[in-house]
Amino acid sequence: MESQKMGKGTIISQAPIPIEEYMELLPYFNVKSYRKNEILKGYHEVEIHRRYLISGTLAMFEKQQETRICRRIYSKSCLVCDFESYANERLTDFSIMAYTDCLVCEIPKELDAAILESPPTIIKLILRLSHQVVVQNLEWTSILWLSPKARYRRLHQICPDFALIKIKDICGILNLPERTLHRLRGKS
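From a predicted model like this one, the values you see are computed outputs, not experimental measurements. (Residues numbered from 1 in each chain as written. Predicted model: local features only at pLDDT ≥ 70, side-chain atom pairs only at ≥ 80, totals over all residues. Heavy atoms only, no water.)

A. Geometry of the environment of F94. Along the polypeptide, F94 turns up in strand β9 (residues 94-98). In sequence terms F94 and K63 are 31 residues apart; their C-alpha atoms lie 6.3 Å from each other. Those residues in contact with F94 that sit more than four places away from it in its chain are K41, G42, Y43, M60, F61, E62, R71 and D82. (Helix = DSSP H or I, 4+ residues; strand = E, 2+ residues; numbered from the N terminus. Contact = heavy atoms within 4.5 Å.)

B. Representation of a nonpolar patch on the surface within the structure. There is a patch of nonpolar side chains on the surface, built from V46, I48 and L91 and spanning about 240 Å² of accessible area. Checked against the element boundaries, L91 lands in the loop between α1 (83-88) and β9. (Patch = residues over 30% accessible without salt bridge, like charges linked within 9 Å, V, L, I, M, F, W, Y side chains within 5 Å. Areas by Shrake-Rupley, 256 points an atom, 1.4 Å probe, with all protein chains shown as cover. Salt bridge = Lys/Arg side-chain N within 4 Å of Asp/Glu carboxyl O.)

C. Main features of unusual backbone geometry. One non-glycine residue with positive phi stands out, namely S77, at about 80 degrees. Residue S77 is classed as buried on the basis of its relative accessible area of 11%. One non-glycine residue, N175, lies in positive phi territory at about 55 degrees. As for its placement among the helices and strands, N175 is situated in the loop between α5 (167-174) and α6 (178-187). Take N175: its relative accessible area is 52%, and that puts it in the exposed class. (Buried < 20%, exposed > 50% of the residue type's maximum accessible area, 1.4 Å probe, protein only.)

D. Structural view of the nonpolar core. Core analysis: the biggest nonpolar cluster contains 21 residues, and I73, W140, L155, I165, I170, I173 and L174 have the highest contact counts within it. Taken together, the elements giving at least two residues each to this core come down to β6 (58-64), β7 (67-74), α4 (148-158), α5 and α6. The element contributing the most residues to this core is α5, with four residues. In this view, L155 contacts W140, I143, F162, I170, I173 and L174; residues no more than four positions away in its chain are not counted. In terms of nonpolar packing, the next biggest core, distinct from the first, is built from 12 residues, Y34, V80, I96 and V104 among them. (Core = buried A, V, L, I, M, F, W, Y, C linked by side-chain atoms within 4.5 Å.)

E. Spatial organisation of empty space enclosed by the protein. Evaluated as defined, the whole model comprises one cavity of 30 Å³ or more. The calculated volume of the largest cavity comes to roughly 40 Å³. Taken together, R72, Y74, L79, V80, C81, F83, V133, Q136 and N137 make up the lining of the largest cavity. Residue assignment for the lining of the largest cavity shows that the elements contributing at least two residues are β7, β8 (79-80) and α3 (120-142). The element contributing the most residues to the lining of the largest cavity is α3, with three residues. (1 Å grid on protein atoms, 1.4 Å probe; cavity = no way out; pocket = protein on both sides within 12 Å on 5 of 7 lines; lining within 4 Å. Points joined across faces, edges and corners; volume = space filled by probe spheres on them.)

F. Structural view of the sheet that holds strand β4 (residues 39-41). Here we have four strands laid out as an open sheet, ordered β4-β9-β6-β7, and antiparallel in their pairing. The sheet terminates laterally at β4 and β7, the two strands that pair on one side only. Between one strand and the next, the sheet's axes are offset by a mean angle of 35 degrees, whatever the strand orientation. Here β6 runs beside β7; their pairing, made up of seven bridges, is antiparallel. What sits directly across from Q64, in β7, is T67. (Pairing = 2+ DSSP bridges. Axes fitted to C-alpha atoms, helices over the stretch in contact; angles between N-to-C directions.)

G. Seen up close, the layout of surface pockets. If you add up the space inside the largest pocket, you get close to 350 Å³. Along the wall of the largest pocket there are 16 residues; nearest its centre are M60, R71, R72, N137 and T141. Of all elements in the fold, only β7, α1, α3 and α5 reach the threshold of two or more residues within the lining of the largest pocket. Per-class residue counts for the lining of the largest pocket are eight nonpolar, four polar and four charged. (Nonpolar A, V, L, I, M, F, W, Y, C, P; charged D, E, K, R; others polar.)

H. Spotlight on the pattern of salt bridges. Across all of its chains, the model carries nine salt bridges by this definition. Salt-bridge contacts for R51 lead to E106; the nearest nitrogen and oxygen are separated by 3.6 Å. Of this pair, R51 sits in strand β5 (residues 49-55) while E106 sits in strand β10 (residues 102-108), and the two are 55 residues apart along the sequence. What makes R51 buried here is its relative accessible area of 1%. The class for E106 is buried, based on a relative accessible area of 2%.

What follows is the structure, given as structure tokens:
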């Protein structure tokens, strides 16, 4: 298990959940591969899947007027979903795209009830996944509470795929103008 320190001495544990623990869920999964830049969930779609990222990198983009802004990068072993759209069954301004070639396990929403009737080990796994999602979302949203310099450093720590992220997408994630990011990178 890996622990990371967040803010004023708080320690939050995060352990990626190995694919082996998903074996009992495999009958519910659709394992799919996606090519770089392929859309998994569009702005014009209601989210109907939860996804476990086996390999590759996914990104969540927000649509603002006619532009799209990267808000989140997902690395191997993450659970990926537009949770607002999924829970409320409505359209949002978010899309999910393959940032690199990816292999993904997808669980269709209509199988939620069947999964909850699963053995206790599956229920424990679902609870661990829920905890992992909460921790990861806190890590990503807490970046915006930091100074620009601290945001940039923190993104390096929480994003294993940081080296793959385009500058314009780092700007979107950190909510910083490109000139500020160039200045921060120059000081690193």
